[in-house]
Amino acid sequence: QVQLVESGGGLVQAGGSLRLSCAASGRTFSDYNMGWFRQAPGKEREFVAAITWSGENTHYADSVKGRFTISRNNAESTVFLQMNSLNPEDTAVYYCAAARRGFVYYPRERNKYDAWGQGTQVTVSS
């Protein structure tokens, strides 16, 4: 099983930026499509962004499209989430997740991911 560790969260003012990282170990990183999800207090965990194993295709939630960018470096076994123009509604714990490559990839479905990190807190103040 792949192990995932997120970093880069913190406190930022509205309009600011943060870059999250997720380091993978234990398996071949390029065997996995990768996603970012977030969970705010009292809410369900929701899809944020995803990237295919090769980096060729990306997917975004409508709420972050144009502000967030997902990328990956397979040589370093790391996936990134660049978050710009942050607003208080982006406050949540952010989780990265790994989905083993298969015939079909469902990037927005939580139950299609095989491994999760422990999460990193992002707080945006108004």
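Here, every reference points to the structure presented above.
So, here's what we can say about the structure.

What counts as what
- Residues numbered from 1 in each chain as written.
- Predicted model: local features only at pLDDT ≥ 70, side-chain atom pairs only at ≥ 80, totals over all residues.
- Heavy atoms only, no water.
- Pairing = 2+ DSSP bridges.
- Helix = DSSP H or I, 4+ residues; strand = E, 2+ residues; numbered from the N terminus.
- Axes fitted to C-alpha atoms, helices over the stretch in contact; angles between N-to-C directions.
- Disulfide = S-S within 2.5 Å.
- Buried < 20%, exposed > 50% of the residue type's maximum accessible area, 1.4 Å probe, protein only.

1. Considering the sheet that holds strand β8 (residues 78-83)
Strand order across the open sheet formed by four strands is β1-β3-β8-β7, with antiparallel pairing between neighbours. Every interior strand has two partners, whereas the edge strands, β1 (3-7) and β7 (68-73), have only one. Strand-to-strand twist of the sheet, defined as the mean angle between neighbouring strand axes without regard to direction, takes the value 15°. Two elements, β7 and β8, share six bridges in a ladder whose sense is antiparallel. Bridged to threonine 69 within β8 is glutamine 82.

2. With respect to the state of the cysteines
According to the stated counting rule, one finds one disulfide in the structure shown. Between cysteine 22 and cysteine 96 runs a disulfide, and the two sulfur atoms are separated by 1.9 Å. One quick way to see it: the torsion about the S-S bond of cysteine 22 and cysteine 96 is about 45°, and its sign makes the bridge right-handed. Here the residue cysteine 22 occupies a position in strand β3 (residues 18-25), and cysteine 96 occupies one in strand β9 (residues 92-100), the gap between them amounting to 74 residues. Across this residue pair, the class does not change: cysteine 22 and cysteine 96 are buried.

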